[in-house]
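# Structural overview
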Amino acid sequence: MLISRIVWVILFILSLVGITMYGGPISYGFFALMIMVPFISVIYLLCVYFCFKIYQSKDVVRPVVGEAVPFHFRLMDEFFFAFAGIRVKFFTSFSSIEGLDDEAEYELIPGHGVNLDIKLVCKYRGNYEVGIKTVEVQDFFRLLRFSYHNPETMRVDVMPQVVRLDGIKSLDQVSVLQNNNNQNVFPDVLVREYMSGDDIRQINWKVSSHVGKLMVRKQIDEEKQGIGIIIDSRRYSDDQKDYLPIENKMLEAAIAISLYFADKQTTVVTFVGSEDVRRVNVNRLQDFDDYYEAISNVNFSKLQPGGKNMFDSLMNESGLYECKMVFFITKKLSDDVTRLCKTLRTNNVYVQICLINNDDDEESLYIQNNQENLIHMNGESDLAEVL
């Protein structure tokens, strides 16, 4: 385009020289032609703008993060003159188009178009624009170019990815912790049948002789069962580039942990909210699809001034204290988070904090001043490696 403009400027100067020094119909005709070229280009670009048609569609209503879904892209010339120098730019912050270069230039003849069946890949969970973002048009002479935003952009509601974990590293730490806290475990008045590995000192011989089999006293700590997950769904930013990757990873972590335990027939209770707290349960693999749908639809929102505090509600959640272990998934280590973690630890509940943000300084400061176990990751971390 730069070369075309340089050529036009040179020709325009020559036409001025011609009418100044020589005159005559040829010189004036050439000068008039050079004057008309930019006007012709502007008229052409306006015609293209009003006549050019773009069509785009996808086959999947709610794609999953990382899944390549069919995407259909069509450019049509439905007018009586040809279109030249058309470029299409795509949204690339949160999605990508496989097999298509947005630097490609298209030329269309009347009644024809370009049909492409390609793949769309979404990077994060959430609702955002994908596909065609802007269209860039230039004239035949390549003097002028303008771009305009697609007036009918496509929005998608993307589901989080399901990550299968082979194991969870912190479970080994839970075993160590429980062994170290045996002094806090004491016999209950209730009994159960003896199992291999039980301490023979806890056998209730009187009851055993009465029922004809070995019975041991239950331990108070044995009443704790299941896994708890807390998702802190408060939003701290209005910029999608800030919150989409983090919120996506938070939900992926919750889903991966829940799937791991559901596969082992272990009850998982998830507490989610930014003000009011909602419970979502899963205790077997057959019910995981409903759980996945519920977690995928979690709404993150900013705290309103004077609004409720979810941590006050969690403090009074009896089901939370009945869990053997709680995974606390948050993006910020606030005083409320620290206070709730200490309360859970006091009630003999092991807490695993999953801190998901891009602030490494916050992690190191927390580890220096607290005892809870902490895993730090960002929006691009591999869950199979960090969990």
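Predicted, not measured: the structure shown is a model, and the values here were computed from it.

Another point: the nonpolar core. Core analysis: the largest hydrophobic core is formed by 40 residues, its most contacted members being Ile 229, Ile 231, Phe 261, Ile 295, Phe 327, Ile 329 and Leu 387. With twelve residues, the top contributor of residues to this core is helix 5 (residues 240–262). With sequence-adjacent residues up to four places away left out, Ile 329 is seen in contact with Ile 229, Ile 230, Ile 231, Asp 232, Met 250, Ala 253, Ala 254, Cys 354 and Ile 356. Core analysis: the next-biggest nonpolar cluster, separate from the first, contains 37 residues, Phe 71, Ile 97, Val 130 and Tyr 148 among them.

With that settled, the discussion passes to the side chain of Asp 139. Note that Asp 139 resides in the loop between strand 8 (132–138) and strand 9 (145–149). For Asp 139, the side chain forms a polar contact with the main-chain nitrogen of Leu 143, separated by 3.0 Å. Separated by 2.7 Å, the side chain of Asp 139 and the backbone nitrogen of Leu 144 make a polar contact. Discounting residues that sit within four places of it in the chain, Asp 139 has contacts with Ser 41, Tyr 44, Leu 45 and Leu 144.

A few words on the sheet that holds strand 8. Taken in spatial order, the four strands line up as 5-3-8-9 in an open sheet, and their pairing is antiparallel. Two strands close off the open sheet at either side, each with one partner strand: strand 5 (105–108) and strand 9. Strand-to-strand twist across the sheet, computed as the mean angle between neighbouring axes with direction ignored, equals 30°.

Under the defined criterion, the tally for this structure stands at 13 aromatic pairs. Judged by centre distance (5.6 Å) and plane angle (65°), the ring pair of Phe 73 and Phe 90 falls under edge-to-face. Residue Phe 73 is found in strand 2 (residues 68–77), and its partner Phe 90 is found in strand 3 (residues 83–90); the two are separated by 17 residues along the sequence. The two residues Phe 73 and Phe 90 agree in class, both being buried. Grouping aromatic residues by their ring pairs yields a cluster made of Tyr 49, Phe 50, Phe 146 and Tyr 148. Sitting above the plane of the Tyr 243 ring, Arg 235 keeps its charged end 3.8 Å from the centroid.

What counts, and where the lines are drawn
- Residues numbered from 1 in each chain as written.
- Predicted model: local features only at pLDDT ≥ 70, side-chain atom pairs only at ≥ 80, totals over all residues.
- Heavy atoms only, no water.
- Core = buried A, V, L, I, M, F, W, Y, C linked by side-chain atoms within 4.5 Å.
- Buried < 20%, exposed > 50% of the residue type's maximum accessible area, 1.4 Å probe, protein only.
- Helix = DSSP H or I, 4+ residues; strand = E, 2+ residues; numbered from the N terminus.
- Contact = heavy atoms within 4.5 Å.
- Polar contact = N/O pair within 3.5 Å; in protein donor to acceptor, adjacent residues only side chain to side chain.
- Pairing = 2+ DSSP bridges.
- Axes fitted to C-alpha atoms, helices over the stretch in contact; angles between N-to-C directions.
- Phe/Tyr/Trp six-rings, centres within 6.5 Å; stacked < 30°, edge-to-face > 60°.
- Lys NZ or Arg CZ within 6 Å of the ring centre and 35° of its normal.

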